[in-house]
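Chain by chain, the residues:
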Amino acid sequence: MRFAHISDVHLGREQFNQPFRYDDYVRVFREAIEKAVKERVDFILIAGDLFHVSRPSPKTIRDAVEILEIPKRKDIPVFAIEGNHDKTIRETSVFDLLEHLGLIHTVGLKREPRENEFQRSKKLSENRYLVWGQVGDVEIHGLRHHTRWQLIRNDGAVNVLKALFKGKKGILMLHQAVDYLAKDTPYQDAFDLKLNELPDGFSYYALGHIHVRRIAETAQTGLSGPIVYPGSLERTEIREASHIIRYSTRDKKPKVMESREGPKGFYIVEDFQPEFVEVDARPFYSIRVEGEGKAELREKVEETASLVPRDAIAVITLEGTVKGGISLAEFNDLLKDSGIRYYTFRSRVVGEAVISKERLSEEELFTEWERELLLHLRVSPKEFSEGLSDFVSWLVERYEKGIPAKAPVTKKGAEPEGQAKEGTAKAETGEKPAKARKPAKTKEPTKTGKETGKAPKKPKPISKPKNPSSLDAWLRRGKP
Ligand SMILES: [Mn+2]
């Protein structure tokens with residue numbers, strides 16, 4: 001049994017607002033699919049974020065259809081889940097369209113059963129079915145992206161994943177950040193799942209969401225199969241640079257290093273052992289130049305740029321202390337004949353030495369919800385600027401369903417899609433109903449303290465808005 005494991009394709013993304021970047025993202029997806037088909041895999045997994053937004057443009061849909069027709073023509077099924085970027089709260093999504101065309105098979109919780117050549121299902125409740133893929137004797141389970149608060153409830157007493165996939169085997173496909181593999185990624189302090197919260201019993205955990213390549217073997221985790229993140233197919237941010245150049249005030253020459261996160265690609269998995277397959281992602285240089293004056297910085301930038309290949313992308317961060325500061329406009333002209341495909345400058349130059357005051361932690365400044373919002377903005381600011389309506393949907397979904405005060409844990413009704421029935425979950429954990437249904441009004445909406453090991457903050461009185469910057473309070477009331 002051989003399969004390909006791809007994730008975080010982000011089709012439709014026009015990084016840096018450059019049309020050639022749109023083409024890059026499409027090109028590496030085609031390359032990955034073509035390589036998988038050439039390797040004669042039995043099936044292909046796409047572990048979320050096939051698209052960059054949940055409502056891709058007609059052009060992006062056409063590109064996706066064209067590429068997904070390649071495995072279809074060879075009768076190679078593609079199984080997919082929606083990631084945080086492409087999931088939708090609408091009844092019909094682009095994934096439904098692709099599924100209707102027979103180009104993909106989605107797995108997870110559905111309102112209707114699926115019984116066909118590649119899909120099986122099991123009734124969980126009135127209009128809730130668990131759908132999985134079936135190829136030979138291998139089951140492909142999975143669930144679209146959910147936030148931590150949806151999956152792990154009542155302080156960990158209820159684990160939706162463990163309840164849903166109890167006794168299941170084969171492959172588990174998820175689009176979540178697991179803490180154990182999130183080190184040195186944007187999700188390090190904002191993971192969705194702890195390692196021991198993953199359901200055991202699967203031979204392979206096909207994950208998506210973390211954009212860099214990560215594997216945790218069974219010997220490290222104690223789980224029944226490896227946990228694997230192929231990472232994104234293209235370089236989605238500076239941390240995924242192929243090359244790093246440093247030119248500090250101490251260096252006589254710029255130092256060029258290949259990044260350890262360098263190669264991009266996907267996995268071909270045989271007998272549940274992943275083998276990395278590289279795709280030809282565009283070279284991406286992360287450059288940091290330090291100087292003590294404008295002239296020094298300009299000189300060093302020119303010297304550094306000569307080391308960057310013509311087709312590459314370069315993000316150049318200027319550092320140092322320059323009297324009077326600098327304007328980036330003074331640097332842009334410098335590289336216009338360099339041949340670098342796209343470059344941009346960022347400045348960390350300070351006009352004068354700054355003596356920093358005692359630092360406040362994020363936890364002291366923001367509520368958990370505000371930090372989640374900031375994290376989303378930090379991880380993928382383009383997600384929001386490219387699709388405000390998706391942001392609003394995300395916000396509404398997050399908020400309508402995320403307020404314990406308004407949506408206490410109930411047996412029926414206000415359950416968000418993708419929740420296992422509470423009864424099922426309880427059977428798994430042996431949790432007593434009384435505790436599981438603790439009245440929400442006594443609960444602090446954010447769990448900041450518990451997450452960080454500190455004492456939880458006292459609940460703020462709803463009627464007395466004291467902090468004008470509290471987005472949390474504002475959204476809960478719907479007005480400032
Ligand atoms: Mn992604």
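Nothing here was measured: the structure is a model prediction, and the numbers come from that model.

1. Focus on the overall build of the protein chain
For step 1, the next point in the chain: Assigned secondary structure in the protein chain consists of 16 helices and 21 strands.
For step 2, the next point in the chain: For the protein chain, buried positions account for 54% of its 480 residues.
For step 3, the next point in the chain: A separation of at least 24 residues holds for 70% of the contacts in the protein chain among residues at least 6 apart in sequence.
For step 4, the next point in the chain: Total accessible area on the protein chain is roughly 23,400 Å²; 50% of this is exposed by carbon and sulfur atoms.

2. As for the sheet that holds strand β18 (residues 273-279)
For step 1, the next point in the chain: Read from one edge to the other, the open sheet built from six strands follows the order β4-β3-β2-β1-β17-β18, with strand pairing classed as mixed. Two strands in the sheet have a free side with no partner beyond their single neighbour: β4 (105-106) and β18.
For step 2, the next point in the chain: Looking at chain direction, strand β17 (residues 264-270) and β18 are connected through seven bridges and run antiparallel. Considered in β18, the bridge of Lys264 is made with Val279.
For step 3, the next point in the chain: Against the sheet, helix α1 (residues 19-38) makes contact with β1 (2-6), β2 (43-46), β17 and β18, and its axis sits at roughly 135° relative to β18, the strand it touches most.

3. Points about the coordination of the manganese ion
For step 1, the next point in the chain: The coordination sphere of the manganese ion contains the protein donors Asp8 (OD), His10 (NE2), Asp49 (OD) and His211 (NE2), at a distance range of 2.1 to 2.3 Å.
For step 2, the next point in the chain: Sequence positions of the donors to the manganese ion reduce to the motif D-x1-H-x38-D-x161-H. Taken together, the residues His10 in the loop between β1 and α1 and Asp49 in the loop between β2 and α2 (58-73) connect sequence positions 39 residues apart. Here the two residues His10 and Asp49 agree in accessibility, since each one is buried.

4. Brief notes about helix α7 (residues 294-305)
For step 1, the next point in the chain: Taking 1.5 Å per residue, 12 residues should reach 16 Å; α7 reaches 16 Å between its end C-alpha atoms and fits that length.
For step 2, the next point in the chain: For α7, every residue scored as buried is listed here: Leu297, Lys300, Val301, Thr304 and Ala305. Down the axis, α7 shows its buried residues gathered within 130° of arc, on one side only. Of the residues in α7, the exposed ones pointing more than 90 degrees away from the buried face are Ala295 and Glu299.
For step 3, the next point in the chain: At its buried positions, α7 is contacted by β15 (243-247), β19 (284-290), β20 (313-321), α8 (329-332) and β21 (342-350).

5. Side note on the packing of aromatic side chains
The description of an aromatic ring pair uses the distance of the two centres, along with the angle that the planes make with each other.
For step 1, the next point in the chain: Inspection of every chain in the model, using the stated rule, returns 13 aromatic pairs.
For step 2, the next point in the chain: When the centroid spacing of 6.5 Å and the interplanar angle of 85° are considered together, the rings of Phe79 and Phe118 count as edge-to-face. Residue Phe79 is located in strand β3 (residues 78-80), and its partner Phe118 is located in the loop between β5 (108-110) and β6 (119-125); the two are separated by 39 residues in the primary sequence. Across this residue pair, the class does not change: Phe79 and Phe118 are buried.
For step 3, the next point in the chain: Between the aromatic rings of Phe331 and Phe345, the centroid separation amounts to 5.9 Å while the plane-to-plane angle is 50°, which identifies the pairing as tilted. On the criterion of sequence distance, the pair formed by Phe331 in helix α8 and Phe345 in strand β21 is long-range, its members being 14 residues apart.
For step 4, the next point in the chain: Owing to a relative accessible area of 0%, Phe331 belongs among the buried residues under this scheme.
For step 5, the next point in the chain: Ring-pair connections join several aromatic residues into one group, and the members of that group are Phe3, Phe43, Phe79, Phe118, Tyr204 and Phe272.
For step 6, the next point in the chain: Here the basic side chain of Arg213 rests over the ring of Phe276, its NZ or CZ set 3.7 Å away from the ring centre.
For step 7, the next point in the chain: Directly above the aromatic system of Phe20 lies the positively charged group of Arg341, at a separation of 4.1 Å from the ring centroid.

6. A short note on the pattern of salt bridges
For step 1, the next point in the chain: By the definition in use, this model includes 25 salt bridges.
For step 2, the next point in the chain: The shortest N-O distance in the salt bridge between Lys264 and Glu240 comes to 3.0 Å. One end of the pair, Lys264, is in strand β17; the other, Glu240, is in the loop between β14 (227-229) and β15, with 24 residues separating them in the sequence. The pair Lys264 / Glu240 is uniform in exposure class, with both members buried.
For step 3, the next point in the chain: Between Arg288 and Glu319 there is a salt bridge, and its shortest N-O distance comes to 3.1 Å. Placement of the pair is Arg288 in strand β19 and Glu319 in strand β20, with a sequence separation of 31 residues.
For step 4, the next point in the chain: Look at the salt bridges and you will find they share partners, linking Arg21, Asp24, Arg27, Glu234 and Arg282 into a network.

What counts and what doesn't
Residues numbered from 1 in each chain as written. Predicted model: local features only at pLDDT ≥ 70, side-chain atom pairs only at ≥ 80, totals over all residues. Heavy atoms only, no water. Helix = DSSP H or I, 4+ residues; strand = E, 2+ residues; numbered from the N terminus. Buried < 20%, exposed > 50% of the residue type's maximum accessible area, 1.4 Å probe, protein only. Contact = heavy atoms within 4.5 Å. Areas by Shrake-Rupley, 256 points an atom, 1.4 Å probe, with all protein chains shown as cover. Pairing = 2+ DSSP bridges. Axes fitted to C-alpha atoms, helices over the stretch in contact; angles between N-to-C directions. Donors = N, O, S within 2.8 Å, 3.2 Å for Na, K, Ca; no water. Expected span 1.5 Å × (residues − 1). Arc of directions from axis to C-beta. Phe/Tyr/Trp six-rings, centres within 6.5 Å; stacked < 30°, edge-to-face > 60°. Lys NZ or Arg CZ within 6 Å of the ring centre and 35° of its normal. Salt bridge = Lys/Arg side-chain N within 4 Å of Asp/Glu carboxyl O.

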